[in-house]
Amino acid sequence: MSETFKAVRITDGVYWVGAIDWNIRNFHGYSTYSGTTYNAYLVMAEKVTLIDTVKEPFKNELLSRISSVIDPGKIDYVVSNHAEMDHSGYLGEFIEKYRPEKVFASKKGVEALEDHFGIGDQLIAVDDGEKIDLGSDSLICLETKMLHWPDSMVTYLAGKKILFSQDGFGMHHASYGRFDDMIDENILKREAAKYYANILLPFSPVVKKVLKKIGDSGLEIEMIAPDHGPVWRSGVEKILSLYDRWASRELRKKAVIACDSMWGSTTVMARVIGQSLSESDVDVAYLNLSTAHRSDLAAELIDAGALIVGSPTINGTLFPTVADALYYIRGLKPTGIVGAAFGSYGWSGEAVGQITELLEKMNIDLAGESVRAKYVPSGHLIERCSELGREVAKRLEALPKNFPGEKP
Ligand code: FEO
C-alpha cells in the first residue's frame with residue numbers, strides 16, 4: 001500500500017488514520033457544506049489496535065495512513081464503536097484481508113454488523129464497563145446505547161486519557177485541522193451545534209445520562225476523539241458543557257421563522273412577524289425554505305424558544321418545501337418551544353391548519369392566533385401578523401437574551 005497519505009500523531013503512540021471527504025454535500029439528508037471526515041485511530045500499544053474504520057470508498061486513504069505507521073497486517077485488534085456504514089463500511093473487508101486477532105463491538109454492535117455484513121461470528125461482544133487489555137495499555141468500553149444507534153459505545157484509552165467517542169462530540173467539517181484549537185472557534189461551535197441538532201437532539205435525555213455516566217466514572221479525559229471532525233484537546237470542558245446545555249434544552253429569546261411563498265404574500269407576512277418580534281427584543285432567524293436547508297433549520301432550533309412556520313396552500317396542502325422541513329423537524333423532537341402558523345391562500349387555505357396540527361403532534365405549545373391571508377395580506381391582517389409576533393415574544397419573556405458570557 002502506497003504511503004500517499006500520512007497518519008497524524010494525536011499523542012505518543014496514537015494516530016489519526018481516517019479520511020477527509022472534501023466533496024460530500026449531503027449526508028443522509030443533512031447538508032454538509034464543508035464536507036466531513038471519517039475518523040479512525042491507530043493505537044500503537046503492545047496489541048496494536050485500530051478504532052473504527054471508514055466509509056468503504058475511502059478505504060485506500062485509511063490503509064495508506066495506517067501504512068505510514070505500520071503494516072496493516074500487524075494490527076492485532078479492531079474495535080468497532082459504531083456500526084453505521086460511515087465507520088464500518090470497510091470493516092468486513094479489512095477483517096477478511098488482514099485477519100486481526102480480535103475484533104470487538106458492543107452486543108448490539110455484533111448484531112448490527114451481522115445484519116449489515118454477515119460478520120457477526122467474527123466479532124467479540126464486550127459488556128458495558130469491560131476492559132480490553134492491550135498489554136501496555138487498556139481500553140475501557142462504555143455502552144452509549146441510542147447515542148445515536150442501539151449499538152453505540154465509546155472507548156477510553158486509560159494510559160493516554162483519550163475518549164474515543166464515535167459520533168458523540170463530532171461535527172461534519174472537512175479540514176486539515178485535526179485538533180479543535182486549529183479550527184476557528186465560530187466554525188467549531190456552529191458545526192458542533194448543527195451536528196447535535198441533526199443527529200443527537202432526539203436522544204437528549206440519553207445524552208444527559210451519558211454525560212452523568214462519564215462524570216460518575218471518574219475517568220480523567222484529556223482528549224475526546226470523535227468519529228467526525230477535530231479531536232478536542234483544548235476545548236474538552238467547553239464541548240462537555242455545551243452538550244450539557246443542548247441536552248438540557250436551555251433556550252433563549254430567539255424565534256425561528258421558517259417559510260416559503262408562491263407569490264410573495266407569505267413572505268410579507270413572515271417579514272412583518274419578524275419585525276414585530278425584533279421590536280419586542282427577540283432575536284430572529286429567518287429561513288426561506290426555498291433556499292434554506294432543513295438541516296440548517298434544525299441547527300437554528302438548538303437554542304430557539306419559538307418556531308413560527310408559514311406556508312401558502314397549494315392543491316389543498318402544504319408547500320412542498322415546508323412539508324419537507326416540518327416532517328424532518330418532527331423526527332428531531334425539539335422540546336420546550338412554542339409554535340405558531342401563518343400563510344396566504346387563494347381559495348381553500350388548508351395549509352395553516354395543517355401546520356398547526358403538525359405542531360400539536362410535535363407537542364409544541366401554540367402561541368397567539370394563527371393568521372391566514374386571502375391572496376395578499378393588507379390592513380388588519382398585517383396588524384394580526386404584528387400581533388402574532390408580540391404574542392410569541394410574550395411567551396419568550398422568561399428566557400435569557402443570551403447565555404452568560406456569550407454573544408448570539
Ligand atoms: Fe457517523 Fe452514526 O455515523
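Residues numbered from 1 in each chain as written. Predicted model: local features only at pLDDT ≥ 70, side-chain atom pairs only at ≥ 80, totals over all residues. Heavy atoms only, no water.

Chemist: Give a detailed account of a nonpolar patch on the surface, specifying residues and quantitative values.
Modeler: A surface patch of nonpolar side chains, amounting to about 440 Å² of accessible area, comprises W347, Y375 and V376. Along the chain, W347 falls in the loop between β22 (338–345) and α11 (351–361). (Patch = residues over 30% accessible without salt bridge, like charges linked within 9 Å, V, L, I, M, F, W, Y side chains within 5 Å. Areas by Shrake-Rupley, 256 points an atom, 1.4 Å probe, with all protein chains shown as cover. Salt bridge = Lys/Arg side-chain N within 4 Å of Asp/Glu carboxyl O. Helix = DSSP H or I, 4+ residues; strand = E, 2+ residues; numbered from the N terminus.)

Chemist: How would you summarise the packing of helix α6 (residues 204–217) against helix α7 (residues 236–247) if you had to cite specific residues and measurements?
Modeler: Direction vectors running N to C along α6 and α7 enclose 140°, while the axes themselves pass 9 Å from each other. Classified by the angle their axes make, α6 and α7 are oblique. In this structure, α6 crosses over α7, and the sense of that crossing is left-handed. Each of S204, V207, K208 and L211 in α6 lies in contact with α7, whose residues at this interface are L240, Y243, D244, W246 and A247. Of the residues that constitute the contact of α6 with α7, the class distribution is six nonpolar, one polar and two charged. (Axes fitted to C-alpha atoms, helices over the stretch in contact; angles between N-to-C directions. Parallel < 35°, antiparallel > 145°, perpendicular 65-115°, else oblique. Left-handed = near helix turned anticlockwise from the far one by under 90°. Contact = heavy atoms within 4.5 Å. Nonpolar A, V, L, I, M, F, W, Y, C, P; charged D, E, K, R; others polar.)

Chemist: Outline α11, listing residues and values.
Modeler: Taken together, the buried positions of α11 are occupied by A351, V352, I355, T356, L358 and L359. The buried residues of α11 occupy an angular sector of 165° when projected down its axis, which confines them to one face. Taken from the residues just after α11, N363 is the one with a positive phi, measuring 60°. (Buried < 20%, exposed > 50% of the residue type's maximum accessible area, 1.4 Å probe, protein only. Arc of directions from axis to C-beta.)

Chemist: An account of the sheet that holds strand β12 (residues 131–133) is requested, with residue identities and associated values reported.
Modeler: The strand order β12-β13-β14-β15-β16 describes an open sheet built from five strands, whose pairing is mixed. Strand pairing shows two members of the sheet lacking a second neighbour, β12 and β16 (223–225), which therefore form its edges. When the angles between neighbouring strand axes are averaged without regard to direction, this sheet yields 25°. In the sheet, strand β15 (residues 162–164) pairs with β16 via three bridges, with the strands oriented parallel. Its bridge partner being in β16, I162 is matched across the sheet by M223. (Pairing = 2+ DSSP bridges.)

Chemist: Please provide a residue-by-residue account of the packing of aromatic side chains, values included.
Modeler: A complete count under the given rule lists 11 aromatic pairs for this structure. Measuring from centroid to centroid gives 5.2 Å for Y38 and F58, while their planes differ by 55°, and the two rings are tilted. Taken together, the positions of Y38 in strand β6 (residues 36–38) and F58 in the loop between β8 (48–51) and α1 (59–67) put the pair 20 residues apart, joining distant regions of the chain. Taking relative accessible area as the criterion, Y38 reaches 0% and is therefore assigned buried. Between Y243 and W246, the ring centres sit 5.7 Å apart and the planes meet at 50°, which makes this aromatic pair tilted. In this pair, Y243 and W246 are both assigned in helix α7, three residues apart and thus about one turn of the helix distant. Owing to a relative accessible area of 2%, Y243 belongs among the buried residues under this scheme. (Phe/Tyr/Trp six-rings, centres within 6.5 Å; stacked < 30°, edge-to-face > 60°.)

Chemist: Quick one: what's the story with unusual backbone geometry, residue by residue and with numbers?
Modeler: Backbone torsion omega between L147 and H148 reads 0°, so that peptide bond is classified as cis. Tracing the chain through its elements places H148 in the loop between β13 (138–143) and β14 (153–157). Look at K161: it is not a glycine, yet its phi comes out positive at around 60°. Classification of K161 by relative accessible area gives partly exposed; the value is 26%. Phi at Y375 is positive, roughly 60°, even though this residue is not glycine. Here Y375 is to be found in the loop between β24 (371–374) and α12 (380–395).

Chemist: Run through the sheet that holds strand β1 (residues 8–11), naming residues and quoting values.
Modeler: Strands in a sheet are paired, the pairing made by backbone hydrogen bonds, and the direction either parallel or antiparallel. Overall, mixed pairing links the seven strands, which are arranged β1-β2-β7-β8-β9-β10-β11 in an open sheet. At either margin of the open sheet sits one strand with a lone partner, and together these are β1 and β11 (124–126). Taking each pair of neighbouring strands and ignoring which way they run, the sheet shows an average axis angle of 25°. Of the pairings in the sheet, the one linking β8 to strand β9 (residues 77–80) comprises three bridges and is parallel in character. If you follow I51 over to β9, its bridge partner there is V79. The strands touched by helix α4 (residues 107–117) are β9, β10 (102–106) and β11; relative to β10, the strand with the most contacts, the crossing angle is about 110°.

Chemist: Break down the domain arrangement of the chain for me, citing the residues and quoting the values.
Modeler: Partitioning the chain into structural domains gives domain 1 (8–247) and domain 2 (255–395). Once you take the C-alpha centre of each, domain 1 and domain 2 turn out to be 38 Å apart. Listed per partner, the contact involves 12 residues of domain 1 and 11 residues of domain 2. Carbon and sulfur atoms make up 58% of the surface buried where domain 1 meets domain 2, a total of about 1,000 Å² over both sides. Considering only the side of domain 1, the residues that lose the most area to domain 2 are N198, L201 and P202, jointly responsible for 41% of the buried surface there. Along the contact surface separating domain 1 from domain 2 lie one salt bridge. Between K194 and D296 there is a salt bridge; the shortest N-O distance is 2.8 Å. The interface formed by domain 1 and domain 2 holds six residue pairs in polar contact (both at pLDDT 80 or more) in total. Only β5 (30–31) and α5 (185–200) provide two or more residues apiece to the side of domain 1 that touches domain 2. (Domains from an automatic or database assignment. Buried area = accessible area lost by both parts, 1.4 Å probe. Polar contact = N/O pair within 3.5 Å; in protein donor to acceptor, adjacent residues only side chain to side chain.)

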